[in-house]
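Letter by letter, the chains look like this.
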Amino acid sequence: CRDEARRHPDRAAEPVLIGINWLVYVWAVNANFIVETSLGYFINPLLSVLMGVIFLKERLRSAQWIPVVLAAVGVTYLTFIYGRLPYIALTLAFSFGLYGLVKKLSPLGSLYGLTIETAILFVPALIYLIAMEANSTAAFLHTGISYDLLMIGAGVVTTIPLLMFASA
């Protein structure tokens, strides 16, 4: 994996993008921006289609444009009734959309790619956990075995779909 990372230095974009996405999502949910986080994941597929058409030169048939336009109208309506520019939603949509685009262009397989991304994100995550422990605000190993198991399970629940996404 280390040799692959050296041959493809642009691979740093993937962990940065997915790190931004996860960080914003976790913060937003904990700060009760549930509607805006959901809106971000409604915007994301539209953005992915748009990036595929623009950057990958994919072509949609006429019939395929109908659901895209209907979804765009729905997202526009939800954004309008939200009442303000959904910065969180746009950050989530663009970070995950760009992650998908970079992943699509990546020469590595899904397992190796995710391994490198995780290795790069491990250090900042460890620093964050150490800081939380030092501030006595850490939850892991402090809130009971059931919560600890849920936190561990959240990693598995996140990893499996991400591997499937990268494989697709």
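Residues numbered from 1 in each chain as written. Predicted model: local features only at pLDDT ≥ 70, side-chain atom pairs only at ≥ 80, totals over all residues. Heavy atoms only, no water.

### Focus: helix 6 (residues 110–134)
With 25 residues, helix 6 ought to run about 36 Å at 1.5 Å a step, and its terminal C-alpha atoms sit 35 Å apart, in line with that. For helix 6, the full list of buried residues reads S110, G113, L114, I116 and E117. Positive phi appears at S136, one or two residues downstream of helix 6, with a value of about 60°. (Helix = DSSP H or I, 4+ residues; strand = E, 2+ residues; numbered from the N terminus. Expected span 1.5 Å × (residues − 1). Buried < 20%, exposed > 50% of the residue type's maximum accessible area, 1.4 Å probe, protein only.)

### Considerations on the environment of K57
Relative to the helices and strands, K57 is located in the loop between helix 3 (34–55) and helix 4 (62–82). A residue is classified by how much of its surface remains accessible, and K57, at 64% relative accessible area, is exposed. Measuring from C-alpha to C-alpha, the distance between K57 and T158 comes to 30 Å, with 101 residues separating the pair along the chain. Polar side-chain contacts of K57 include one of 3.1 Å to the backbone oxygen of I54. (Polar contact = N/O pair within 3.5 Å; in protein donor to acceptor, adjacent residues only side chain to side chain.)

### Digging into unusual backbone geometry
If you check the backbone angles, N32 has positive phi at about 65° while not being a glycine. If you trace the backbone, N32 turns up in the loop between helix 2 (13–30) and helix 3. Residue K57 is not a glycine yet carries a positive backbone phi of 60°.

### Observations concerning the environment of I120
Locating I120 in the fold gives a position in helix 6. Judged by its relative accessible area of 40%, I120 is partly exposed. Sequence separation between I120 and A12 is 108 residues; the distance between their C-alpha atoms is 7.8 Å.

### Thoughts on the packing of helix 6 against helix 7 (residues 145–167)
Running from N to C, helix 6 and helix 7 cross one another at 130°; their axes reach a closest spacing of 9 Å. Judged on the interaxial angle alone, helix 7 and helix 6 are oblique. Between helix 6 and helix 7 lies a crossing of right-handed hand. Two secondary-structure elements touch here, helix 6 through S110, L111 and L114 and helix 7 through T159, L162, L163, A166 and S167. (Axes fitted to C-alpha atoms, helices over the stretch in contact; angles between N-to-C directions. Parallel < 35°, antiparallel > 145°, perpendicular 65-115°, else oblique. Left-handed = near helix turned anticlockwise from the far one by under 90°. Contact = heavy atoms within 4.5 Å.)

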